[in-house]
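Chain and residue survey
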Amino acid sequence: KESKLVNKESFCATVALFSILLLLILCTRTLIFGEFGGNVHAFLTGVFGYFAYPLAIGLLYLSAFGLFGKRLVKNRKLFCCCALLVASAALIVHIALTYSWFEEGDYLAACFNAGENFPKTTVCGWVGGALAYGVAKVTTKIGALIVYGIITVFLTYVCITVASKQPTQRKQQKTAQPQ
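Residues numbered from 1 in each chain as written. Predicted model: local features only at pLDDT ≥ 70, side-chain atom pairs only at ≥ 80, totals over all residues. Heavy atoms only, no water.

Here we look at the overall build of the chain
Across its full length, the chain holds eight helices and zero strands. Starting at the N terminus and ending at the C terminus, the chain contains elements arranged as α-α-α-α-α-α-α-α. Per-residue burial over the chain gives 32% buried out of 179 residues. In the chain, of all internal contacts separated by at least 6 residues, the share reaching a separation of at least 24 is 71%. (Helix = DSSP H or I, 4+ residues; strand = E, 2+ residues; numbered from the N terminus. Buried < 20%, exposed > 50% of the residue type's maximum accessible area, 1.4 Å probe, protein only. Contact = heavy atoms within 4.5 Å.)

Some remarks on the nonpolar core
If you look at the biggest cluster of nonpolar residues, it comprises 15 residues, and the most contacted ones within it are I95, W101, Y107, C124, A144 and Y148. Of all the secondary structure elements, the ones that give two or more residues to this core are α4 (76–97), α5 (101–104), α6 (107–113), α7 (125–138) and α8 (141–176). Setting aside its immediate chain neighbours within four residues, W101 contacts Y107, A110, C111, A114 and T122. The next biggest cluster of nonpolar side chains, apart from the first, holds 10 residues, and it includes L23, V40, L44 and Y53. (Core = buried A, V, L, I, M, F, W, Y, C linked by side-chain atoms within 4.5 Å.)

Considerations on the packing of aromatic side chains
Under the counting rule described, the total for this entry stands at five aromatic pairs. Between F43 and F112, the ring centres sit 6.1 Å apart and the planes meet at 75°, which makes this aromatic pair edge-to-face. You can see F43 sitting in helix α2 (residues 30–48) and its partner F112 sitting in helix α6, a full 69 residues away along the chain. Aromatic rings pair up to connect F102, Y107 and Y133 into one cluster. (Phe/Tyr/Trp six-rings, centres within 6.5 Å; stacked < 30°, edge-to-face > 60°.)

With respect to unusual backbone geometry
Although it is not a glycine, R29 sits at a positive phi angle of roughly 50°. Along the chain, the position of R29 falls in the loop between α1 (8–28) and α2. Relative accessible area serves as the criterion here: at 35%, R29 is assigned to the partly exposed category.

Details of helix α3 (residues 52–68)
Between its first and last C-alpha atoms α3 spans 24 Å; for 17 residues at 1.5 Å apiece the expected length is 24 Å, and the two agree. For α3, the full list of buried residues reads A52, Y53, A56, S63 and G66. Just downstream of α3, G69 is the residue with a positive phi angle, here 75°. (Expected span 1.5 Å × (residues − 1).)

Quick look at the confidence of the model for the chain
Per-residue confidence for the chain gives a mean pLDDT of 86; residues scoring 70 or more make up 89%. When mean pLDDT is taken per element in the chain, α7 scores highest with 93 and α5 scores lowest with 80. (pLDDT = per-residue confidence, 0-100.)

Observations concerning the side chain of T122
Residue placement: T122 occurs in the loop between α6 and α7. Here G125 takes part through its backbone nitrogen, which lies 2.8 Å from a polar atom of the side chain of T122. Apart from residues no more than four positions distant in its own chain, T122 is found in contact with G49, Y50, H94, T98, W101, C111 and A114. (Polar contact = N/O pair within 3.5 Å; in protein donor to acceptor, adjacent residues only side chain to side chain.)

Some points on the packing of α4 against α7
Contact geometry for α4 and α7: axes closest at 10 Å, N-to-C directions at 85°. In terms of orientation, α4 and α7 fall into the roughly perpendicular class. From α4, L91, H94 and I95 reach across to α7, where they touch G125, G128, G129, L131 and A132. (Axes fitted to C-alpha atoms, helices over the stretch in contact; angles between N-to-C directions. Parallel < 35°, antiparallel > 145°, perpendicular 65-115°, else oblique.)

Here it is in structure tokens:
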């Protein structure tokens, strides 16, 4: 049954308020919310690293435009491809900056605990550390850099291909409409 209390608008408004609160905590740490804000900030930067900021902004974007029923991104394929490209490039930087942590012991715990030392946190946090650690266990640390480098080059090619096909499709649609 459909509930009158929970609908698309109320859900999107709740998520928008939650993402604004997350952004406020991420930007102010302990200034507004005290120790609670510091703990939430340390958790978010421990799990997502510096990517906690764009994720909170993306959550706000999705909820706000879901609330209004509009779509800002016109080419979703290109947007998704570019987002994956940025994530794979960030994983390369993440592995390069935490390269020495592989020998120190528990790599994933070190990635998560880096969120408490905010300016020296990781790029992708525990989530990126799990992806990097998984590939590094199958290959090596250098192998993980090579794998994510190949993925980055491939996604760059796909983004360029998708971006170059888009204007020709628009021209074909405009010429086909007058008939």
